[in-house]
Amino acid sequence: MNQRTIIVQRDVLADQKADAAVERKRLGRRGTLVINLLSSPGAGKTTLLEATARHFAGRRSMAVLVGDLETDRDAQRLAPLVPVAQLTTGGACHLELPLVQRGLKALGDPVVDFLFIENVGNLVCPASHDLGEHLRVVLISTTEGDDKPGKYPKMFRTSQAMVITKLDLLPHVPFSVDTVTEDALRIQPELKVLTNCALDGSGISRWCDFLEQQHQQRLAMYHEPAGNR
Amino acid sequence: MHERSLVQNLLRQVEQIVAAEGGGQVAEICVQAGDLSGVEPLLFQMAFADMAPAVFSSSCQLALEVVPVTAVCSQCDHRFEIVDFQFRCPVCQAGSVQVLQGDEVKLISVTINSKHSIEGVAS
Ligand SMILES: Nc1nc2c(ncn2[C@@H]2O[C@H](COP(=O)(O)OP(=O)(O)OP(=O)(O)O)[C@@H](O)[C@H]2O)c(=O)[nH]1
Ligand SMILES: [Mg+2]
Ligand SMILES: [Zn+2]
C-alpha cells in the first residue's frame, strides 16, 4: 500500500468565483452594472425595485431577475414596469450563478444600464455566493431590529451599500438608525448607508443617484483607453 | 443547505484530483474553514458524513480546521487578527483593510492510498 498526500490549497468555491468573474467582465464591458440585492424576507427588495423602475422609466434601462423559493409573485409585481424573469430555487436558500445565467438567457440577454438580481430573502447563505455582480446591496428594515449587522457579519462585510427601509415605521418600533449604522460600519467601514421609505418615496432619488454614480465608477475599469484595444 | 452545497463542491474537486493522480482510495481530506466563511463546522461535518461515502469509501476521513480571520491594512500594512468582526485597523484606524485568510473554505490536502506504488519506485 502506497499512501501519499497531495497539497491542494484551493478555495472550494474557486470554480464558481472564476465563472462569476467572467460574467462580471462580460456584462461590465457592455455597460451593464449588475446589482445583487439581499435582505431578510420582506425587508422591501421588490418594493424598492418597483420604485426604482418608476424613477428610471424613460431615462435608464433596467432588467430584473428575482429569486424566490416558490411562486412568481414578485415577477408579476414587476412585470408591468420592467423586463423581469422569476428564478425559483425550489427550496434552495440562495441563488447561484447558473440560475442567474438561465434567467438572463430567458430575457434574451438584454443590454441594459442596470441589471438587478433580487436574491432569496435570507441574510446568511446568499453572502457566500458571487453572482457576477459589481455591487452588493443589503437592505434592512426598521422592523427587524438594529442589532442585525453584528449577527450576520458576513452579509454586511461583503456588501458595499446598506439601505435602511420602512423609515415611516420608526415612530412605532425600537430601532435606531445610528445604532445600526455604527454596527454595520464596524464590520464594513467603507459601507455606503442610505435610507428609504416606500410610502412617500423619500430616498428614491438619492438611491438612484447613488446607482448612477456607481455605474460610472465601477464600470470605468472596463473602458479601455482609445488606441489600446 | 449551504453546507451541503459546499461539501458537494468539495467532493467534486477531490474527485478531479484523484482522477488526475491516477486513482486510488481517499483516506483523508483536510479542509480549512475561516470564521468568515459562513460555515458551521458541525453542520459541515454532518453533511460530509452523509455525502462522502456515496462518492468515496466510508473510511474517508474529514479533518476540518477552523482558522481565524486575518487582515492587512491598506494604509499602513499592519497585519492583524479580526476579533469580534471589527474591521478597522487597530494601528491607524483606517477602514480599508483586506482580508488575508478566513473568508473561505479551502481544500488543503488530499491523502490517497493506492495499491501500486507509482512509477514503480518502491517495492
Ligand atoms: N410601511 C412600509 N412598508 C413597506 C415599505 N417597503 C415595503 N413595505 C412592505 O413590506 C412588505 C414586504 O415588501 P417586499 O417588497 O415584498 O419585500 P421583499 O424583500 O421583496 O420580500 P421577499 O422577496 O419575500 O423577501 C410589503 O407588504 C410592502 O408593502 C416601507 O417603506 N414602509
Ligand atoms: Mg421580493
Ligand atoms: Zn493601518
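As the structure is a prediction and not an experimental result, all values here were calculated from the model. (Residues numbered from 1 in each chain as written. Chains lettered and ligands numbered in written order. Predicted model: local features only at pLDDT ≥ 70, side-chain atom pairs only at ≥ 80, totals over all residues. Heavy atoms only, no water.)

J.: Can you lay out the confidence of the model for chain B for me, pointing to particular residues and giving the numbers?
T.: Taken residue by residue, chain B gives an average pLDDT of 91. The fraction at 70 or more is 93%. Among the scores for the predicted complex, ipTM is 0.86 and pTM is 0.91. (pLDDT = per-residue confidence, 0-100.)

J.: Lay out the coordination of the zinc ion (ligand 3) with the relevant residues and their values.
T.: All names here are of chain B. Surrounding the zinc ion (ligand 3) are the protein donor atoms Cys-73 (SG), Cys-76 (SG), Cys-89 (SG) and Cys-92 (SG), at 2.3 to 2.4 Å. Here the zinc ion (ligand 3) binds four donor atoms, and the angle range of 101 to 116 degrees at the metal identifies the geometry as tetrahedral. Between consecutive donor residues of the zinc ion (ligand 3), the sequence gaps follow C-x2-C-x12-C-x2-C. Exposure remark for Cys-89: the relative accessible area of 1% places this residue in the buried category. (Donors = N, O, S within 2.8 Å, 3.2 Å for Na, K, Ca; no water. Tetrahedral: all angles 85-135°; square planar, octahedral: opposite > 155°, others 65-115°. Buried < 20%, exposed > 50% of the residue type's maximum accessible area, 1.4 Å probe, protein only.)

J.: Tell me about the interface of chain A and chain B, and name the residues and values.
T.: Counting from both sides, the interface comprises 29 residues of chain A and, opposite them, 39 residues of chain B. Interface area for chain A against chain B, summed over the two sides, is near 3100 Å², with a carbon-plus-sulfur share of 51%. Sorting the residues of chain A by area buried against chain B places Arg4(A), Val12(A) and Arg186(A) first, and these three jointly supply 23% of that buried surface. For the pair chain A and chain B, the number of links is one salt bridge. Here Glu21(B) makes a salt bridge to Arg4(A), at a shortest N to O gap of 3.1 Å. Only β1 (2-11), α1 (14-29), α6 (153-157) and α7 (177-187) of chain A provide two or more residues apiece to the side of chain A that touches chain B. Top element by residues in the side of chain A that touches chain B is β1(A). It accounts for 10 residues. Grouping the constituent residues of the side of chain A that touches chain B by class yields 11 nonpolar, nine polar and nine charged. Of the strand pairs in this sheet, β1(A) and strand β6 (residues 105-114) of chain B are connected by eight bridges, and their pairing is antiparallel. (Contact = heavy atoms within 4.5 Å. Buried area = accessible area lost by both parts, 1.4 Å probe. Salt bridge = Lys/Arg side-chain N within 4 Å of Asp/Glu carboxyl O. Helix = DSSP H or I, 4+ residues; strand = E, 2+ residues; numbered from the N terminus. Nonpolar A, V, L, I, M, F, W, Y, C, P; charged D, E, K, R; others polar. Pairing = 2+ DSSP bridges.)

J.: An account of the nonpolar core is requested, with residue identities and associated values reported.
T.: Grouped burial of nonpolar side chains is what soluble globular proteins tend to show. One finds Ile35(A), Val64(A), Phe116(A), Val137(A) and Trp207(A) to be the most contacted residues of the largest nonpolar core, which totals 30 residues. Every element with two or more residues in this core is listed here: β2 (33-38), α2 (45-56), β3 (62-68), α3 (73-78), β5 (114-118), β6 (135-141), β7 (161-165) and α8 (204-219) of chain A. Sort the elements by how many residues they give to this core and α8(A) lands first, with six residues. If sequence neighbours within four positions are ignored, Phe116(A) has contacts with Ile35(A), Leu49(A), Thr52(A), Met62(A), Ala63(A), Val64(A), Leu65(A), Trp207(A) and Leu211(A). By size, the runner-up hydrophobic cluster in this structure holds 28 residues, among which are Val39(B), Phe56(B), Leu62(B) and Leu64(B). (Core = buried A, V, L, I, M, F, W, Y, C linked by side-chain atoms within 4.5 Å.)

J.: With reference to specific residues and values, describe the environment of Glu50(A).
T.: Residue and element names in this part refer to chain A. One can find Glu-50 in helix α2. Residue classification places Glu-50 among the buried positions, given a relative accessible area of 15%. With 32 residues separating them along the chain, Glu-50 and Val-82 place their C-alpha atoms 8.7 Å apart. Not counting residues within four places of it along the chain, the set of residues in contact with Glu-50 comprises Arg-77, Leu-78 and Leu-81. Within the structure, Glu-50 has its side chain in polar contact with the side chain of Arg-77 (distance 3.2 Å). (Polar contact = N/O pair within 3.5 Å; in protein donor to acceptor, adjacent residues only side chain to side chain.)

J.: Tell me about the coordination of the magnesium ion (ligand 2), and name the residues and values.
T.: Residues and elements named next belong to chain A. For the magnesium ion (ligand 2), the full set of protein donor atoms is Thr-46 (OG1), Asp-74 (OD) and Glu-118 (OE), at a range of 2.0 to 2.1 Å. All donor residues of the magnesium ion (ligand 2) come from one chain, and their arrangement in sequence is T-x27-D-x43-E. A residue pair is termed long-range when its members are at least 10 positions apart, and Thr-46 in helix α2 and Asp-74 in helix α3 qualify at 28 residues. Side by side, Thr-46 and Asp-74 carry an identical accessibility label, which is buried.

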